[in-house]
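Inside the fold
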Amino acid sequence: MTKIKVTGVPLAEAKKAAILIHGRGANAESILSLSQYLTLDEYALLAPEADGGTWYPYSFMAPDEANRAALSKSLERIKAAWDQIAQADIPSENVVLIGFSQGACLSLEFAAQHARKLGGVIAFTGGLIGEKIQEEKYSGDFEGTKIFIGSSEKDMHVPLSRIKDSETLLSRMGAKVKLLIFKDSNHTIRKEEIDWVNENIL
């Protein structure tokens, strides 16, 4: 049984949906608490949950083989949430992907592997996954989708160089990417990020 917590506006009634993807060591409930801060009142909310609280065992920039099996399973779980939304006849341009840390990486990775017009992608500290960015993994056209990436300039898990390389590729795929990079070294979600997302995507 795929673990996906569903809340917010019932899928059968919703015109918009958000997939919220938690970070390492967290769970669906914790990422859903973001709905207290993000303007998600009109959205069906789907939060997949990772087995054992982790989507993949090693760094998102570890050698590809180390994470391959777990990453494949995790992307399938995101796809299961996506399929629930599609079955409710909610169009992709009304679907937002939201993630923190591991979840932010997964939200960008899933979106880029299936690029199309989306309601938005919100990545609180994340980048595309892989030892190196492999352009051949990604296909489609974002058709102007807004993608937000916020992070510390010296985050302990996500190097700024990978964020900028991700921005380059996502932009080339037709996304309008907004980076908000902060001087602090905190691995967190900041009020400035919440405010920008609420004003510009949700």
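Everything numeric in this text was worked out from a predicted model, so none of it was measured.

Describing the environment of Leu160
Relative to the helices and strands, Leu160 is located in helix α4 (residues 160-172). Expressed as a C-alpha distance, the spacing of Leu160 and Phe110, which sit 50 residues apart in the sequence, is 20 Å. What Leu160 contacts, discounting residues up to four positions off in sequence, is Glu153 and Ile181.

A closer look at the packing of aromatic side chains
Within the structure shown, the criterion is met by three aromatic pairs. Each ring, one from Trp82 and one from Phe110, has its centre 6.0 Å from the other, and the planes form 50 degrees; the classification is tilted. Taken together, the residues span a long stretch of sequence, with Trp82 in helix α2 (residues 64-87) and Phe110 in helix α3 (residues 102-113) at a distance of 28 residues. Between Phe148 and Trp196, the ring centres sit 5.4 Å apart and the planes meet at 20 degrees, which makes this aromatic pair stacked. Here Phe148, found in strand β6 (residues 146-152), pairs with Trp196, found in helix α5 (residues 191-200); they are 48 residues apart in sequence, far enough to count as distant.

Describing empty space enclosed by the protein
The tally for this structure, following the rule as stated, stands at one cavity of 30 Å³ or more. Taken as a whole, the largest cavity encloses approximately 30 Å³ of empty space. Trp82, Phe110, Ala111, His114, Arg116 and Leu118 are the residues that line the largest cavity.

Considerations on the nonpolar core
The biggest cluster of nonpolar side chains holds 46 residues, and the ones touching the most others in it are Leu106, Phe142, Ile147, Ile149 and Leu170. Broken down by element, this core gets its largest block of residues, seven residues, from α3. In this structure, Leu106 is in contact with Ile21, Trp55, Tyr56, Leu71, Ser74, Leu75, Ile78 and Ile129, ignoring residues within four places of it in sequence. In terms of nonpolar packing, the next biggest core, distinct from the first, is built from 24 residues, Leu20, Leu34, Leu38 and Trp196 among them.

Concerning α4
Under the 1.5 Å per step criterion, the end-to-end length of α4 is 19 Å for 13 residues, consistent within 8% with the ideal 18 Å. Close packing links the buried residues of α4 with α3, β6 and β7 (176-182). Looking one or two residues past α4, Gly174 carries a phi angle of roughly 100 degrees, positive in sign.

Re the sheet that holds β6
Spatial ordering of the open sheet is given by β1-β3-β2-β4-β5-β6-β7, a layout of seven strands whose pairing is mixed. The open sheet is flanked by β1 (4-8) and β7, the only strands paired with a single partner. When the angles between neighbouring strand axes are averaged without regard to direction, this sheet yields 15 degrees. Judged from the five bridges that link them, strand β4 (residues 95-100) and strand β5 (residues 120-124) form a sheet pairing that is parallel. In the sheet register, Val96 faces β5, and the bridge partner there is Gly120. Here α4 sits on the sheet and contacts β6 and β7; the angle it forms with β7, its principal contact strand, is near 165 degrees.

Re the pattern of salt bridges
Considering all chains together, one arrives at 14 salt bridges under this definition. Ionic pairing is found between Lys5 and Glu29, a salt bridge with its closest N-O pair at 3.7 Å. You can see Lys5 sitting in strand β1 and its partner Glu29 sitting in helix α1 (residues 28-32), a full 24 residues away along the chain. According to the relative accessible area criterion, Lys5 is partly exposed, its value standing at 36%. Where Lys183 meets Glu153, a salt bridge forms, and the shortest distance between an N and an O atom there is 3.7 Å. Within this pair, whereas Lys183 is found in the loop between β7 and α5, its partner Glu153 is found in the loop between β6 and α4, the two being separated by 30 residues in sequence. We classify Lys183 as exposed; its relative accessible area is 65%.

Cut-offs applied
Residues numbered from 1 in each chain as written. Predicted model: local features only at pLDDT ≥ 70, side-chain atom pairs only at ≥ 80, totals over all residues. Heavy atoms only, no water. Helix = DSSP H or I, 4+ residues; strand = E, 2+ residues; numbered from the N terminus. Contact = heavy atoms within 4.5 Å. Phe/Tyr/Trp six-rings, centres within 6.5 Å; stacked < 30°, edge-to-face > 60°. 1 Å grid on protein atoms, 1.4 Å probe; cavity = no way out; pocket = protein on both sides within 12 Å on 5 of 7 lines; lining within 4 Å. Points joined across faces, edges and corners; volume = space filled by probe spheres on them. Core = buried A, V, L, I, M, F, W, Y, C linked by side-chain atoms within 4.5 Å. Buried < 20%, exposed > 50% of the residue type's maximum accessible area, 1.4 Å probe, protein only. Expected span 1.5 Å × (residues − 1). Pairing = 2+ DSSP bridges. Axes fitted to C-alpha atoms, helices over the stretch in contact; angles between N-to-C directions. Salt bridge = Lys/Arg side-chain N within 4 Å of Asp/Glu carboxyl O.

Bear in mind that shape data such as this cannot, by itself, settle questions of function.
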